[in-house]
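Examination of the molecular architecture
Each chain, letter by letter, is given below.
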Amino acid sequence: MNTLIFQLIAAALFLAAAFEGSNAQLSATFYATTCPNVSSVARNILEQAQQNDVRIGAKLIRLHFHDCFVNGCDGSLLLDNADGIETEKGERENLSVDGYGVVDDIKTALENVCPGVVSCSDILAVAAQISVSLDGGPTWEVQMGRRDSRTAHRAAVAAGIPSPFESFDRVRAKFTNVGLGSTDLVALSGAHTIGRAQCFTFTQRLYNFSGISGNMDPSLDPTYLETLRQACPENTNRNSLNNLDPTTPNGFDNNYFTNLQNKRGLLQSDQDLFSTDGSDTVAIVNRFANSQSDFFDSFGQSMINMGNISPLTGTNGEIRADCKRVN
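The structure contained in this document is the topic of the report that follows.

For the rest of this paragraph, the subject is the layout of surface pockets. Its boundaries defined by the atoms lining it, the largest pocket holds a volume of some 1,000 Å³. Lining the largest pocket are 37 residues, and of these Arg 62, His 66, Ser 96, His 192 and Arg 196 sit closest to its centre. Only α3 (56-68), α7 (168-177), α8 (182-189), β1 (196-198) and α12 (268-275) provide two or more residues apiece to the lining of the largest pocket. Residue contributions to the lining of the largest pocket peak at 6 residues, all from α3. Residue composition of the lining of the largest pocket, by class: 20 nonpolar, 9 polar and 8 charged. By volume, the second largest pocket is sized at about 160 Å³. The wall of the second largest pocket is formed by Phe 200, Thr 203, Gln 204, Tyr 207, Asn 208, Pro 233, Glu 234, Asn 235, Thr 236 and Arg 238. Its residues placed into classes, the lining of the second largest pocket shows 3 nonpolar, 5 polar and 2 charged.

Here we take up the packing of aromatic side chains. Applying the stated criterion across every chain, the model contains 15 aromatic pairs. Judged by centre distance (6.0 Å) and plane angle (55°), the ring pair of Phe 252 and Phe 296 falls under tilted. Here Phe 296 lies in helix α14 (residues 292-307) and Phe 252 lies in the loop between β2 (241-243) and α11 (255-261), a separation of 44 residues in the sequence. Look at Tyr 256 and Phe 257: their rings are 4.9 Å apart centre to centre, the planes differ by 85°, and that puts the pair in the edge-to-face class. A relative accessible area of 1% places Tyr 256 in the buried class. Grouping aromatic residues by their ring pairs yields a cluster made of Trp 140, Phe 252, Tyr 256, Phe 257, Phe 288, Phe 295, Phe 296 and Phe 299. Sitting over the ring of Tyr 100, Lys 89 keeps its end group 4.4 Å from the ring centre.

Looking now at the state of the cysteines. The full count for this structure, using the stated rule, is 4 disulfides. The side chain of Cys 35 participates in a disulfide bridge whose partner is Cys 114; the two sulfur atoms lie 2.0 Å from each other. Looking down the S-S bond of the Cys 35 and Cys 114 bridge, the torsion is 80°, so its handedness is right-handed. Taken as a pair, Cys 35 in the loop between α1 (2-23) and α2 (38-52) and Cys 114 in the loop between α4 (100-113) and α5 (120-134) lie far apart in primary sequence, 79 residues in all. We note that Cys 35, like Cys 114, is buried. Disulfide partner of Cys 68: Cys 73, at an S-S distance of 2.0 Å. On the S-S bond that ties Cys 68 to Cys 73, the torsion sits near 120°, and the link is right-handed. Grouping residues by exposure puts Cys 68 and Cys 73 together as buried. By sequence order of its bonded cysteines, the protein has the disulfide arrangement 1-4, 2-3, 5-8, 6-7.

Residue position: Thr 281 is located in helix α13 (residues 281-290). Judged by relative accessible area, Thr 281 falls into the buried class, the value being 0%. When residues no more than four places from it in sequence are discounted, the contact partners of Thr 281 are Phe 168, Arg 172, Ser 182, Leu 185, Val 186, Asp 272 and Leu 273.

Another point: empty space enclosed by the protein. Counting across every chain of the model gives 3 cavities of 30 Å³ or more. In terms of lining, the largest cavity is formed by His 64, Ala 125, Ala 128, Trp 140, Val 142, Gln 143, Arg 146, Met 303, Ile 304 and Gly 307. Counting only elements with at least two residues in the lining of the largest cavity, the list comes to α5 and α14. Broken down by element, the lining of the largest cavity gets its largest block of residues, 3 residues, from α14. In the lining of the largest cavity, the residues fall into 6 nonpolar, 3 polar and 1 charged.

This paragraph deals with α12. With respect to burial, α12 is a largely interior element, 6 of its 8 residues being buried. Looking at α12, one finds that the buried residues are Gln 268, Ser 269, Asp 270, Gln 271, Asp 272 and Leu 273. Tucked into the core, α12 has its buried residues touching α7, α8, α9 (204-207), α11 and α13.

This part covers the pattern of salt bridges. Summed over all chains, the structure comprises 18 salt bridges. For Asp 80, the salt bridge goes to Lys 89, with nearest N and O atoms at 2.5 Å. Look at Asp 80 and you get partly exposed, because its relative accessible area is 26%. With a closest N to O distance of 3.5 Å, Lys 324 and Asp 104 form a salt bridge. You can see Lys 324 sitting in the segment after α14 and its partner Asp 104 sitting in helix α4, a full 220 residues away along the chain. Relative accessible area serves as the criterion here: at 25%, Lys 324 is assigned to the partly exposed category. Connected through salt bridges with shared partners, the residues Asp 104, Asp 322, Lys 324 and Arg 325 form a single ionic network.

Cut-offs applied
- Residues numbered from 1 in each chain as written.
- Predicted model: local features only at pLDDT ≥ 70, side-chain atom pairs only at ≥ 80, totals over all residues.
- Heavy atoms only, no water.
- 1 Å grid on protein atoms, 1.4 Å probe; cavity = no way out; pocket = protein on both sides within 12 Å on 5 of 7 lines; lining within 4 Å.
- Points joined across faces, edges and corners; volume = space filled by probe spheres on them.
- Helix = DSSP H or I, 4+ residues; strand = E, 2+ residues; numbered from the N terminus.
- Nonpolar A, V, L, I, M, F, W, Y, C, P; charged D, E, K, R; others polar.
- Phe/Tyr/Trp six-rings, centres within 6.5 Å; stacked < 30°, edge-to-face > 60°.
- Buried < 20%, exposed > 50% of the residue type's maximum accessible area, 1.4 Å probe, protein only.
- Lys NZ or Arg CZ within 6 Å of the ring centre and 35° of its normal.
- Disulfide = S-S within 2.5 Å.
- Contact = heavy atoms within 4.5 Å.
- Salt bridge = Lys/Arg side-chain N within 4 Å of Asp/Glu carboxyl O.

Next comes the structure, spelled out in structure tokens:
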């Protein structure tokens, strides 16, 4: 009997250790003793980067988002092509993703002070938070402790990342598939308050809505429609950039939501949040439009929720020395 009890206890301890190694919780204090200057080092790099590129914040938020929605927040998007690795960067959904150089700069700076400690996936999370703060948005406690994937997930990109060309139901399903709800969908879409989009991502709303030539999207304000047609003449300027928030394009605020109320959402996937009859997202848009503090609180929590999508922890993955390649 004593032998049996001992065996059961040993098995339980083994399972507990295995669980801890593979499913450890992320923590805001993960680097408190091993690299306490993570945030300050990253902030120094980002403050310099912002002076050179006012849009760097939007780029880094998007980089974190596109990484997390494909097999979880594991830094796989950062990997270049290599033996056995097909990069995610070349997929259509990621062709306009940018900010990789700044991530590399942060990684280099951290390797100088804490070599082999801070993962690239955690750098994406903390860079997004600091960027939002520098642009006038909220702050939140970034949960860290992720490790980096040893492979990319190219085949999963199209199925994971929401597209401005997809139906509202399809976009919502992609959030549901990673455990995010309606509030997350609306709050995270609010990051478009500092983003830009190329003409080709929305010109179907201006000239051939629903595939009908000359048809315009009825959910677009007519005055805004004419402004966009001037910026994006039909069949030209496909890659010209346009502010997702035409009112305060460089400040992180809740004007994105008042734009939706005024039928001035640039992407159809944005306007659908408010213009889809019967959707619970309509009330959330109204709530955020009426209260910037409510939006800020929800955005911070939704960024934490997104950062918790299937992270590699414990002994899974690795801490890359170079974010572009596995060790």
